[in-house]
Amino acid sequence: MVCSVVDICGGCERSNTLESKVRELYECFNIGALGSRFHLYASPDSGYRARGEFRIYRESSGVDSTNALPSLYLSMSAKGKNSRIKIQNCPILLPALQSVLQALLPLLQHSNILSQKLYAIEVLGSRFSTQEHLPQSLPKPTAMTWLDSSSQGLCYAIEPDEWQCSDVAITLIYHKRLDSTYEQAARELPCALKALCEQAVPKMVREITIVARSKNQKLCFRDSIMDSSVQDCITDVVQVCGKPYFYLRKEGQFCQPNAYMNACMLSFAKSMIQAHKRVDLLEMYGGDGNFSIALAECFNKVLVTEVVKTASAHISRNALLNNITNITSVRLSGAETMSALSGEREFYRLKGVDISSFNFSHILIDPPRSGIGDGAMLAFIAGFSYIIYISCNPASLLKDLQVLLQTHSIENFALFDQFPHTHHKECALILRKQA
Ligand SMILES: C[S@@+](CC[C@H](N)C(=O)[O-])C[C@H]1O[C@@H](n2cnc3c(N)ncnc32)[C@H](O)[C@@H]1O
């Protein structure tokens, strides 16, 4: 990756190589002794990140500061310091996001209405592709030779898309009331940005959404007319085991940060369960239905629960978009899901859902960084024949495994380089109940 502020900005560090992460993981989980197959998915080195958050950095020209607007830059926290540094370009972002940001900053800079009290910018992008442009399958894996020859590791080196096309949502966060004058100025932004991006690289940016946020205010602007319920969403197309799935990703809501690794995670989960006896799936911590949508055709029925109300509603919308009819989405926390399924408590939110009709063979969990932790919840999860555990924190995963490995064995262990150039590791494990 070529970046002028690597090791200076708090984001990326050269020392966090993929090899160092594999070694740490092998040691931490004693993977060599587990007897399970290890899969490594290596991200493209740059242009992979589907979302980012920046603060605004202002620099006055110093010559005649009475009329000139201060220069506007993106900024990040400096590594290990309580200060901020300028970001001219962030090469880990999807190319379309880089292109829109390059065009956006000068437009904001020249408009007092748009730049005044602008505090932060968030970006969200997708890989929007048509079938012929998406890679049909993952590259052929190579044996992983970094560690001892007994490791049985397979390495998939993912290449960046040759044909880049994205939907983009830009969120402008203000510390001021957004009035009608602001609205008039911001309404022009999507078309102006689209024209500038088209000039720079034709067809790389498909749709642009501008979301302006302030306290108790959220305004959406788009270069095309939209149904108001999805105007703060972008469309993502994810190729899973050779089949494209369509997702609406909502601005401000969780989605996997690395667009390439997300496709790998879904393909991994889908291909690893093919040999299992599959009946119904329970997914907890379901987000926008990322996993359930891709896995639904492998099961008779899917129950997916998620605590965030808007995310839970979004799952049904994504199912509809893919003509999937066997997913039931309910807003329930993990603990509530356990209470409902154990028959401890009835929920009004489950009205019309016959939970006794589910015959779960698999559970998929993708909890927050803290993992599961709770003993009762781990015992509940251990009741399933197969567990698909997605984790962004090896430390909490390791603790949870101390319980789950009393009843289950690891069939497959995968590391996804979801966060290249950082120490963060994303793992996926397929666990099978011991006979
Ligand atoms: C790591 S994300 C995974 C989302 C999804 N699997 C995906 O791939 O996009 C974790 C999700 O768990 C949800 N969550 C957090 N705490 C929860 C809880 N106590 N019960 C249920 N869901 C929760 C968050 O809202 C978030 O959507």
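How each quantity is defined
- Residues numbered from 1 in each chain as written.
- Predicted model: local features only at pLDDT ≥ 70, side-chain atom pairs only at ≥ 80, totals over all residues.
- Heavy atoms only, no water.
- Helix = DSSP H or I, 4+ residues; strand = E, 2+ residues; numbered from the N terminus.
- Rg over C-alpha atoms; globule rule 2.2 N^0.38 Å.
- Buried < 20%, exposed > 50% of the residue type's maximum accessible area, 1.4 Å probe, protein only.
- Contact = heavy atoms within 4.5 Å.
- Areas by Shrake-Rupley, 256 points an atom, 1.4 Å probe, with all protein chains shown as cover.
- Lys, Arg positive; Asp, Glu negative; His and termini not counted.
- Charge placed at Lys NZ, Arg CZ, Asp CG, Glu CD.
- Near = heavy atom within 4 Å.
- Polar contact = N/O pair within 3.5 Å; in protein donor to acceptor, adjacent residues only side chain to side chain.
- Nonpolar A, V, L, I, M, F, W, Y, C, P; charged D, E, K, R; others polar.
- Salt bridge = Lys/Arg side-chain N within 4 Å of Asp/Glu carboxyl O.
- UniProt positions renumbered as here; feature names shortened; annotations may be inferred.
- Domains from an automatic or database assignment.
- Buried area = accessible area lost by both parts, 1.4 Å probe.
- Phe/Tyr/Trp six-rings, centres within 6.5 Å; stacked < 30°, edge-to-face > 60°.
- Pairing = 2+ DSSP bridges.
- Axes fitted to C-alpha atoms, helices over the stretch in contact; angles between N-to-C directions.

The name an unreviewed UniProt entry gives the protein chain is tRNA (Uracil-5-)-methyltransferase, with Helicobacter canis NCTC 12740 as the organism.

Caption draft 1: How the structure looks around the overall build of the protein chain. Within the protein chain one finds twelve helices and 19 strands. Against the compact-globule benchmark of 22 Å for 435 residues, the protein chain has a radius of gyration of 23 Å, which places it among compact chains. A principal-axis box enclosing the C-alpha atoms of the protein chain has dimensions of 80 × 55 × 45 Å. Evaluated residue by residue, the protein chain yields a buried proportion of 55% over its 435 residues. For the protein chain, the share of sequence-separated contacts (at least 6 apart) that also reach a separation of at least 24 residues comes to 70%. When the accessible surface of the protein chain is summed, it comes to about 19,600 Å², and 51% of that surface belongs to carbon and sulfur atoms. Taking the average place of the 43 positive charges on the side chains of the protein chain and the average place of its 41 negative ones, the gap between the two points comes to 3 Å.

Caption draft 2: Quick look at the site of the ligand. Around the ligand sit 16 residues in total, of which Gln256, Asn290, Glu306, Gly334 and Asp366 are the nearest. The contact in question runs from a nitrogen atom of the ligand to an N or O atom on the backbone of Tyr285, over 3.5 Å. Residue Asp366 places a side-chain N or O atom 2.8 Å away from a nitrogen atom belonging to the ligand. In isolation the ligand offers 590 Å² of accessible surface; the protein chains occlude 81% of this area. Each residue belonging to the shell around the ligand can be placed in one class, and the counts come to seven nonpolar, six polar and three charged.

Caption draft 3: Layout of the pattern of salt bridges. Considering all chains together, one arrives at 20 salt bridges under this definition. In this structure, Asp161 and Arg127 form a salt bridge, with 2.7 Å as the shortest nitrogen-oxygen distance. One end of the pair, Asp161, is in the loop between β7 (153-157) and β8 (166-174); the other, Arg127, is in the loop between β5 (118-125) and β6 (142-143), with 34 residues separating them in the sequence. The buried category is assigned to Asp161, whose relative accessible area is 11%. Residue classification places Arg127 among the buried residues on the basis of a relative accessible area of 10%. Among the ionic pairs, Glu336 bridges to Arg349, the shortest N-O distance being 3.1 Å. Taken together, the positions of Glu336 in helix α10 (residues 334-341) and Arg349 in the loop between α10 and β16 (360-365) put the pair 13 residues apart, joining distant regions of the chain. Each member of the salt-bridge network shares a partner with another, and the members are Arg213, Lys218, Asp232, Lys250 and Glu251.

Caption draft 4: View of the UniProt feature "active site" (unreviewed entry) in the protein chain. Those places that UniProt annotates as "active site" (unreviewed entry) correspond, in this numbering, to Cys392. Relative to the helices and strands, Cys392 resides in the loop between β17 (386-391) and α12 (394-404). Excluding residues that lie within four positions of it along the chain, Cys392 makes contacts with Arg369, Lys425 and Glu426.

Caption draft 5: The arrangement of the domain arrangement of the protein chain in detail. The domain boundaries assigned to the protein chain delineate domain 1 (18-46 + 258-433) and domain 2 (51-130 + 165-234). Measuring from the centre of the C-alpha atoms in domain 1 to the corresponding centre in domain 2 gives 34 Å. When domain 1 packs against domain 2, the two sides together hide about 530 Å² of surface, and 68% of this comes from carbon and sulfur. Across the contact surface, domain 1 and domain 2 share zero salt bridges. At the junction of domain 1 and domain 2, the tally comes to one residue pair in polar contact (both at pLDDT 80 or more). Taken together, the elements giving at least two residues each to the side of domain 1 that touches domain 2 come down to α7 (259-272) and α9 (309-321). Among the elements that take part in the side of domain 1 that touches domain 2, α7 stands out by supplying three residues, more than any other. Within the side of domain 1 that touches domain 2, the residues separate by chemical class into three nonpolar, three polar and one charged.

Caption draft 6: Quick peek at unusual backbone geometry. With a phi close to 60 degrees, Lys117 is a non-glycine residue in the positive phi region. Positive phi values are uncommon outside glycine, yet Asn216 reaches one of about 60 degrees. One can find Asn216 in the loop between β9 (205-214) and β10 (217-222). Asn216 gets classed as exposed once you look at its relative accessible area, which sits at 79%.

Caption draft 7: Spotlight on the packing of aromatic side chains. All told, the structure shown has twelve aromatic pairs when counted by the stated rule. Seen in terms of ring centroids, Tyr26 and Phe38 are 5.0 Å apart; in terms of plane orientation they differ by 80 degrees. Their pairing is edge-to-face. Placement of the pair is Tyr26 in helix α1 (residues 18-29) and Phe38 in strand β1 (residues 37-42), with a sequence separation of twelve residues. Side by side, Tyr26 and Phe38 carry an identical accessibility label, which is buried. Aromatic pair Phe29 and Phe413: ring centres 5.2 Å apart, planes at 75 degrees, arrangement edge-to-face.

Caption draft 8: Representation of the environment of Ile430 within the structure. Secondary-structure assignment places Ile430 in strand β19 (residues 426-433). Spatially, the C-alpha atoms of Ile430 and Pro367 are 15 Å apart, while their sequence positions differ by 63 residues. Ignoring any residue separated from it by four or fewer positions in sequence, one finds Ile430 in contact with Phe268, Met272, His276, Ile387, Ile388, Ser409, Ile410, Glu411 and Asn412.

Caption draft 9: Broad picture of the sheet that holds β9. Across the sheet, which stays open at both edges, the seven strands sit in the order β4-β3-β2-β5-β8-β9-β10 with mixed pairing between neighbours. Strands at the two margins of the open sheet, each flanked by one partner only, are β4 (84-87) and β10. Between one strand axis and the next, the sheet turns by 30 degrees as a mean value, whatever way the strands run. Strand direction decides the pairing type here: β5 and β8, joined by seven bridges, are antiparallel. In the strand pairing of β8, Leu118 is matched with Tyr174. Helix α5 (residues 180-187) rests against β8, β9 and β10 of the sheet, and its axis sits at about 30 degrees to β10. Relative to β9, helix α6 (residues 189-200) is tilted by about 140 degrees, and along the sheet it contacts β8, β9 and β10.

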